[in-house]
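Residue strings, one per chain:
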Amino acid sequence: RKEVEQDPGPFNVPEGATVAFNCTYSNSASQSFFWYRQDCRKEPKLLMSVYSSGNEDGRFTAQLNRASQYISLLIRDSKLSDSATYLCVVIPGSGYSTLTFGKGTMLLVSP
Amino acid sequence: ETGVTQSPTHLIKTRGQQVTLRCSSQSGHNTVSWYQQALGQGPQFIFQYYREEENGRGNFPPRFSGLQFPNYSSELNVNALELDDSALYLCASSLGQHTDTQYFGPGTRLTVL
């Protein structure tokens, strides 16, 4: 089983749609959780951290369920500029901080 | 921009050759991590350097090696290149080995023919 698994993509949605990405992780000792965004042929950029209490940043909402080892990202009112690959990232809880990435889910928002 | 720079931007090598990639970390950051991202995959952790010492290593063979310099810049060296080494190589800098927030450079795209 892979350490971090994400929904296979791509997701094709019209502007204004709501889209949800799901992610599961295998290491129950994992400490920290993030969503990164990666534009085509660019470096990953931190979108938001994910907390057990859930957190929201504008149109983006992230949720963590430690019991189910499940992370989600909800994007409301999709914009064309949201088109990118969304990477689920976990820090496994070893003695140093390394990022374990999922494969990513591509989102294509069309007019 | 993150302030993390990498060179070169692109590189083409042939199988069996050796390559050195470079990374300058963000000012004040003493930790550099290197990742390999193959096409269609998420980045995979290669190793991390903290204050000039290798601090942790992912599942990569010994022909992947690195260095960190006193100014905290870093090099990734790959010997005996294989076709599967073709990928985007990313470095990320952070302040401290236990810091969750890492800032990525733009990457070096390596093609092995």
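Above: the structure in question.
Just so it is clear, the structure is predicted and the values come from calculations on it, not from any experiment.

Caption draft 1: Broad picture of the overall build of chain B. Scanning chain B from N- to C-terminus turns up zero helices and eleven strands. Counting from the amino terminus, helix and strand elements in chain B follow one another as β-β-β-β-β-β-β-β-β-β-β. Taking 13 Å as the expected radius of gyration for a compact globule of 113 residues, we find that chain B reaches 13 Å, a close match to that expectation. When the backbone C-alpha atoms are referred to their principal axes, chain B occupies close to 35 × 30 × 25 Å. Within chain B, the fraction of its 113 residues that count as buried is 50%. Between the centroid of the 7 positive side chains of chain B and the centroid of its 9 negative side chains there is a distance of 7 Å.

Caption draft 2: Expanded view of the interface of chain B and chain A. Taken together, the contacts link 22 residues of chain B with 18 residues of chain A. Carbon and sulfur atoms make up 50% of the area that chain B and chain A hide from each other, which totals about 1700 Å². Taken as a group, P43, D100 and F104 of chain B account for 29% of the area that chain B buries against chain A, more than any other trio of residues on that side. In this structure, the connection of chain B to chain A is made through zero salt bridges. Our count for the chain B to chain A interface comes out at two residue pairs in polar contact (both at pLDDT 80 or more). Sorting the residues of the side of chain B that touches chain A by element identifies strand 4 (31–37), strand 5 (44–50), strand 6 (53–57) and strand 9 (87–94) of chain B as the ones contributing at least two each.

Caption draft 3: Expanded view of the packing of aromatic side chains. Enumeration over the complete set of coordinates arrives at 13 aromatic pairs over all chains. Note on F34 of chain A and Y36 of chain A: the rings are 6.4 Å apart at their centroids and 75 degrees apart in plane angle, and the pair reads as edge-to-face. Note on accessibility: F34 of chain A and Y36 of chain A belong to one class, buried. Measuring from ring centre to ring centre gives 5.8 Å for F101 of chain A and Y35 of chain B, while their planes differ by 85 degrees; the resulting arrangement is edge-to-face. Residue F101 of chain A is found in strand 10 (residues 100–101), and its partner Y35 of chain B is found in strand 4; the two belong to separate chains.

Caption draft 4: Focus on unusual backbone geometry. A cis geometry characterises the amide bond from G9 of chain A onward to P10 of chain A, with omega recorded as 0 degrees. You can see P10 of chain A is positioned in the loop between strand 1 (4–6) and strand 2 (11–14). At R51 of chain B, a position not held by glycine, the phi torsion is positive, near 50 degrees. Mapped onto the elements of the fold, R51 of chain B is located in the loop between strand 5 and strand 6. Phi at E52 of chain B takes a positive value of approximately 75 degrees, unusual for a residue other than glycine. On the secondary structure map, E52 of chain B appears in the loop between strand 5 and strand 6. We classify E52 of chain B as partly exposed; its relative accessible area is 38%.

How each quantity is defined
Residues numbered from 1 in each chain as written. Chains lettered and ligands numbered in written order. Predicted model: local features only at pLDDT ≥ 70, side-chain atom pairs only at ≥ 80, totals over all residues. Heavy atoms only, no water. Helix = DSSP H or I, 4+ residues; strand = E, 2+ residues; numbered from the N terminus. Rg over C-alpha atoms; globule rule 2.2 N^0.38 Å. Buried < 20%, exposed > 50% of the residue type's maximum accessible area, 1.4 Å probe, protein only. Lys, Arg positive; Asp, Glu negative; His and termini not counted. Charge placed at Lys NZ, Arg CZ, Asp CG, Glu CD. Contact = heavy atoms within 4.5 Å. Buried area = accessible area lost by both parts, 1.4 Å probe. Salt bridge = Lys/Arg side-chain N within 4 Å of Asp/Glu carboxyl O. Polar contact = N/O pair within 3.5 Å; in protein donor to acceptor, adjacent residues only side chain to side chain. Phe/Tyr/Trp six-rings, centres within 6.5 Å; stacked < 30°, edge-to-face > 60°.

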